[in-house]
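Take a look at the letters that make up each chain.
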Amino acid sequence: MTSVATDISVDGQGLSDRLAALASIGEIEGTDGACRLALTDEDRDGRDLVVTWMRDLGMEISIDGIGNVVGTLAGAEPGPPVMCGSHIDTVRTGGRYDGNLGVLAGLQVVEAVQRAGITTRRPLAVGFFTDEEGSRFPPDMLGSLVYTGEMPLEEALDIVGTDGAVVGEELDRIGYRGPAPCPSPAPHAFVELHIEQGPILDTEDIVIGAVTGVQGISWTEITVAGQSNHAGTTPMDMRHDAGWVATRIAVFVHELATEFGPPQVCTVGRVELHPNLVNVVASDAVLTVDMRNTDDDLLTEAENRLAAFLEELAAESGTGITSRRLARFAPVEFDPDMIRLVEKAAAELGFSHRRLCSGAGHDAQMFAPVCPTSMVFVPSWEGISHNPFEHTEPEHLEAGANVMLRVMLELAEIAEASEVQATSGATSGATAEETAGATA
Ligand code: HGY
Ligand code: MN
Ligand code: MN
């Protein structure tokens, strides 16, 4: 078994070309971004394109009952693969790189391995997981939740989306309810390349993030039942105004985040009023609250403070307020050896790097309990994401993919190599300006 480090690298231009081709599906006019909400026709078309690329690479395709797709390149020996992957569904204001980068960089890794005539001991796998965004069908990371056994398949198939569609019916409609059983066997290891989606790497001018974990996530949907009334004739003290209540909730959670301080964040991202007319006091409101913190106790405290506020507000406003949890994930820590592997690969390739915790949720957090897992981050320009103007420099995309390639080769081990130029094994390039293992 050849275990020397190799100096193979991915085709950076090929990666950018595939990202552009995928972004053309559901493209958002005048931007680099795309809208491919989970299980829509655009998602189906994106899936078809990536499956075609996987087949062109000679990968064996597996589609499971929730529509997760995994392409596998055989290794010299059978057994659990070294897996990379992410998602190709987007939010409505999706950027070109969120999720897509981790999947398409995986295909570049496979291509580079084939080009170099390398056979790895373990199989290599690239996956894309259904409905990672969760914005149409909550919770987020739905596909990887089912893949790793955290949610029963039947429960996931029954989920009703924000538009009233049902997951199982939409999977059937787009032809992606596959035969592979859920949950799936755990991979040997899992690594996800992703844009940071926050400002840290960009601000500090650092190329690679060795991700230590993911912060806790809490999504709540709140329904307010008031009374529609005339906007002109109804005295203020006679109103049961769902619009006003929804606004009070948004102000409350914003002030709660300020009171707790970083890393606590709170977001009211969705508000629907009924009848939503200029001259009618709103009778109904449905809104969502997204709360996150790296500390699970603080996140629970924030949830409790919100619940108590809703009780007070219902009494004060004379409205009925109910809520339901859409998602709740405790903070996750990644495998220390995997984190070090990412740092080692970045250092060997001469990239500046630092540790940080992920503010966003990712499929990797679902794999952390079942196999050694970590993530590789690359910078997001101005920290912008979930925005069609999301941007990452091509050289950073390539850097991240090469770090992931090196991590995967280390984990999969090289069984045969026809054109490997063994390097001395010493680290090449500048020593990374490794900063202390601070987390965000
Ligand atoms: O919500 C998230 O953090 C991810 O984008 N699904
Ligand atoms: Mn993502
Ligand atoms: Mn996202």
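Since this is a predicted model, take the numbers as computed values, not measurements.

Whenever I open this one, the coordination of the manganese ion (ligand 3) confuses me. Can you help?
In ideal tetrahedral geometry, four donors around a metal make angles of 109.5 degrees, whereas ideal octahedral geometry with six donors gives angles of 90 or 180 degrees. Asp-98 (OD), Glu-133 (OE), Glu-133 (OE) and His-386 (NE2) make up the full set of protein donors to the manganese ion (ligand 3), lying at 2.1 to 2.6 Å. For the pair the manganese ion (ligand 3) and the manganese ion (ligand 2), the metal-to-metal distance amounts to 3.5 Å, and Asp-98 bridges them. Of this pair, Glu-133 sits in the loop between β5 (124-128) and α4 (142-147) while His-386 is found in the loop between β17 (373-378) and α12 (394-412), placing the two residues 253 residues apart along the sequence.

Would you explain the nonpolar core in this entry?
Looking at soluble globular proteins, one finds that nonpolar side chains tend to be buried together. Counting 102 residues, the largest nonpolar core has Val-50, Leu-101, Leu-104, Leu-107, Val-167, Ile-208 and Val-403 as its most contacted members. Split by domain, the residues of this core number at least three in each of domain 1 (12-215 + 333-435) and domain 2 (218-329). The contacts of Val-167, once residues within four sequence positions are left out, are Leu-39, Ile-66, Phe-137, Leu-142, Ala-156, Leu-157 and Ile-159. Within the second largest apolar cluster, 25 residues are counted, among which are Ile-222, Val-224, Leu-256 and Phe-260.

Hey, could you run me through the domain arrangement of the chain in this one?
The parts lose accessible area when they come together, and the size of an interface is often stated as this lost area. In terms of domain boundaries, the chain breaks down into domain 1 (12-215 + 333-435) and domain 2 (218-329). On a C-alpha basis, the centroid separation for the pair domain 1 and domain 2 is 34 Å. Facing the 15 residues of domain 1 at the interface are ten residues of domain 2. Summed over both partners, the interface of domain 1 with domain 2 comes to about 880 Å²; 62% of that surface belongs to carbon and sulfur atoms. Linking domain 1 with domain 2 are zero salt bridges, by the criterion used here. The interface formed by domain 1 and domain 2 contains one residue pair in polar contact (both at pLDDT 80 or more). Of the residues in the side of domain 1 that touches domain 2, the class split is seven nonpolar, six polar and two charged.

Even after reading the chapter, I still don't get the coordination of the manganese ion (ligand 2), so can you show me in this structure?
Taken together, the protein ligands of the manganese ion (ligand 2) are His-87 (NE2), Asp-98 (OD) and His-194 (NE2), with distances of 2.1 to 2.3 Å. Of note, the manganese ion (ligand 2) draws all its donor residues from one chain, in the sequence arrangement H-x10-D-x95-H.

Any chance you could explain the pairing of β5 here in plain terms?
On any regular strand, side chains alternate: one points to one face of the sheet, the next to the other face. Taken across its five residues, β5 has five buried, putting it largely inside the fold. Side chains Leu-124, Val-126 and Phe-128 project from β5 onto one buried face, and the interleaved Ala-125 and Gly-127 project onto a second face that is buried too. Two elements, strand β2 (residues 69-73) and β5, share five bridges in a ladder whose sense is antiparallel. Within β5, the residue paired with Val-69 across the bridge is Phe-128. Of the pairings in the sheet, the one linking strand β3 (residues 82-86) to β5 comprises five bridges and is parallel in character. Bridge pairing in β5 links Gly-85 to Gly-127.

Parameters at a glance
- Residues numbered from 1 in each chain as written.
- Chains lettered and ligands numbered in written order.
- Predicted model: local features only at pLDDT ≥ 70, side-chain atom pairs only at ≥ 80, totals over all residues.
- Heavy atoms only, no water.
- Donors = N, O, S within 2.8 Å, 3.2 Å for Na, K, Ca; no water.
- Helix = DSSP H or I, 4+ residues; strand = E, 2+ residues; numbered from the N terminus.
- Core = buried A, V, L, I, M, F, W, Y, C linked by side-chain atoms within 4.5 Å.
- Buried < 20%, exposed > 50% of the residue type's maximum accessible area, 1.4 Å probe, protein only.
- Domains from an automatic or database assignment.
- Contact = heavy atoms within 4.5 Å.
- Buried area = accessible area lost by both parts, 1.4 Å probe.
- Salt bridge = Lys/Arg side-chain N within 4 Å of Asp/Glu carboxyl O.
- Polar contact = N/O pair within 3.5 Å; in protein donor to acceptor, adjacent residues only side chain to side chain.
- Nonpolar A, V, L, I, M, F, W, Y, C, P; charged D, E, K, R; others polar.
- Pairing = 2+ DSSP bridges.

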